[in-house]
Every structure is written in structure tokens, then in C-alpha cells.
Amino acid sequence: MTTDELDKLTDVELAERLKESKEELFNLRFSAVTHRLEDSGRLKEVRRNIARIYTIARERELGIRTAPTAKK
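Every residue gets a number counted from 1 within its own chain, in the order that chain's sequence is written. Local features are withheld for residues below a pLDDT of 70 in this predicted model, meaning they are given only at 70 or higher, and side-chain atom pairs are given and counted only at 80 or more; totals for whole chains, interfaces and linings count all residues. Working from all heavy atoms in the structure, the side-chain values ignore hydrogens and water.

The name given to the chain in an unreviewed UniProt entry is Large ribosomal subunit protein uL29, and the organism recorded there is Arcanobacterium phocisimile.

What follows is the structure in C-alpha cells.
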């Protein structure tokens, strides 16, 4: 997911995406440790997404970036 796509998410959606990404990262790391990981590129991609989410969340906290209004 790109930064632009993540930026369009509300704070609640961003938190949910972070939770999902962390769970996936855990599963990928477990697969890597047990030598069952077939695609190390996916591991890198998930790490990048988590970093993007944390960056967006922090910038919103600091008022550098604004969150979209909640969808009804």
C-alpha cells in the first residue's frame, strides 16, 4: 500500500491496518525462522508499510498532516 493510499485512511482505519500488518509481520517472521518463507520480498514490503503507517500517525499527532474526516 502506498503512502498516498494510507494517507486517505481515517485514524481508526490506519490503526486497523497497523494491527493487520503487525500480525502479518509476525507470521512472516515465524515462517522465516522455520525456513518456510518463500518470498522475502513480502517481508520487506510489510516492514515498509508499518514504517509508513507509523510515520503518518506521528505526523498527524504533530499536526504536520491532517486525517481525512470519518466516513459515514
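K.L.:
Could you clarify how one ought to interpret the pattern of salt bridges in this entry?
P.N.:
Side-chain pairing between opposite charges can occur once the charged atoms of the two side chains come close. In the sections that follow, a salt bridge refers to a side-chain nitrogen of Lys or Arg positioned within 4 Å of a carboxyl oxygen of Asp or Glu. With the rule as written, the count across this model stands at eight salt bridges. Salt bridges here are not isolated pairs; linked through shared partners, they connect D7, D11, E59, R60 and R65.

K.L.:
Before we go on, may I ask you to explain the side chain of S21 in this structure?
P.N.:
Looking at where S21 falls in the secondary structure, it is placed in helix α2 (residues 11–33). Since its relative accessible area comes to 8%, S21 is described here as buried. Only heavy atoms matter for contacts: two residues are in contact if any of them lie within 4.5 Å across the pair. Leaving out residues up to four positions away in the same chain, S21 has contacts with V46, I50 and I53. Helix and strand labels come from DSSP, where a helix needs a run of H or I of at least four residues and a strand needs a run of E of at least two; each type is numbered from the N terminus. Only protein chains enter the calculation, and the probe is 1.4 Å; a residue is then buried if its accessible area is under 20% of its type maximum, exposed if over 50%, and partly exposed in between.

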